[in-house]
Amino acid sequence: TFVVTENCIKCKYTDCVEVCPVDCFHEGPNFLVIDPEECIDCTLCEPECPAEAIFAEDDLPEDQAHFKAINAQLSKEWPVITERKEPPADAKDWDGKPDKLALLER
Ligand code: SF4
Ligand code: F3S
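This write-up is about the structure you can find in this document. All of these numbers come straight from a predicted model, not from anything done at the bench.

1. A short note on the overall build of the protein chain
Each helix and strand counted, the protein chain has three helices and four strands in total. Walking the protein chain from its N terminus toward its C terminus, one meets helices and strands in the order β-α-β-β-β-α-α. The globule rule puts the C-alpha radius of gyration for 106 residues at 13 Å, and the 12 Å found for the protein chain is close to it. Considered along the principal axes of its C-alpha atoms, the protein chain spans approximately 30 × 30 × 25 Å. Out of the 106 residues belonging to the protein chain, those deemed buried represent 43%.

Okay, structure coming up:
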């Protein structure tokens, strides 16, 4: 399965959702997650993310390993998103900022 990681927080470009053939992205206030039970490992979303926040589970950086559980949990709580929307106005300012997990809104 593929996993959305920390750099999506407050960037939320949503380019990823347009290419997913099985609609497995779910949207929260400032972050997206992938439903691991729906993802078919098609790999299409990974190169679409301008923030490079999407990884195959097997390629997850060690410091992002906790996002596997975060995706699994929040995808059960948040609604599906299938259409791209405008990112936050300050998305670029947040791209690459460290320690954004504390800013994740649920
Ligand atoms: Fe969707 Fe494919 Fe990305 Fe999985 S790898 S989330 S199926 S686009
Ligand atoms: Fe997030 Fe990248 Fe999608 S920033 S919303 S994973 S395009």
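2. Points about the pattern of salt bridges
Evaluation of the coordinates by the stated rule reveals six salt bridges. Note that K85 is salt-bridged to E27, the shortest N-O span being 2.8 Å. Of this pair, K85 sits in the loop between α2 (67–77) and α3 (91–94) while E27 sits in strand β2 (residues 25–27), placing them 58 residues apart in sequence. Classification of E27 as buried rests on a relative accessible area of 17%. The shortest N-O distance in the salt bridge between E57 and K68 comes to 2.7 Å. In this pair, E57 sits in the loop between β4 (54–56) and α2 while K68 sits in helix α2, placing the two residues 11 residues apart along the sequence. Several salt bridges converge on common partners, so that one network encompasses K12, E27 and K85.

3. Re the packing of aromatic side chains
For the structure on display, the rule yields two aromatic pairs. Pairing F31 with F67 gives two aromatic rings, centres 5.8 Å apart and planes at 65 degrees, and the pair type is edge-to-face. Residue F31 is located in the loop between β2 and β3 (32–34), and its partner F67 is located in helix α2; the two are separated by 36 residues in the primary sequence. With a centroid separation of 6.5 Å and 85 degrees between ring planes, the pair formed by F31 and W78 is classed as edge-to-face. Of the two residues, F31 sits in the loop between β2 and β3 while W78 sits in the loop between α2 and α3, which places them 47 residues apart along the sequence. Residue F31 is classed as buried on the basis of its relative accessible area of 0%. With relative accessibility at 9%, the residue W78 sits in the buried group. Taken together, the ring pairs connect F31, F67 and W78 into an aromatic cluster. The ring of W94 carries K97 above its face, with NZ or CZ at 5.5 Å from the centroid.

How each quantity is defined
- Residues numbered from 1 in each chain as written.
- Chains lettered and ligands numbered in written order.
- Predicted model: local features only at pLDDT ≥ 70, side-chain atom pairs only at ≥ 80, totals over all residues.
- Heavy atoms only, no water.
- Helix = DSSP H or I, 4+ residues; strand = E, 2+ residues; numbered from the N terminus.
- Rg over C-alpha atoms; globule rule 2.2 N^0.38 Å.
- Buried < 20%, exposed > 50% of the residue type's maximum accessible area, 1.4 Å probe, protein only.
- Salt bridge = Lys/Arg side-chain N within 4 Å of Asp/Glu carboxyl O.
- Phe/Tyr/Trp six-rings, centres within 6.5 Å; stacked < 30°, edge-to-face > 60°.
- Lys NZ or Arg CZ within 6 Å of the ring centre and 35° of its normal.

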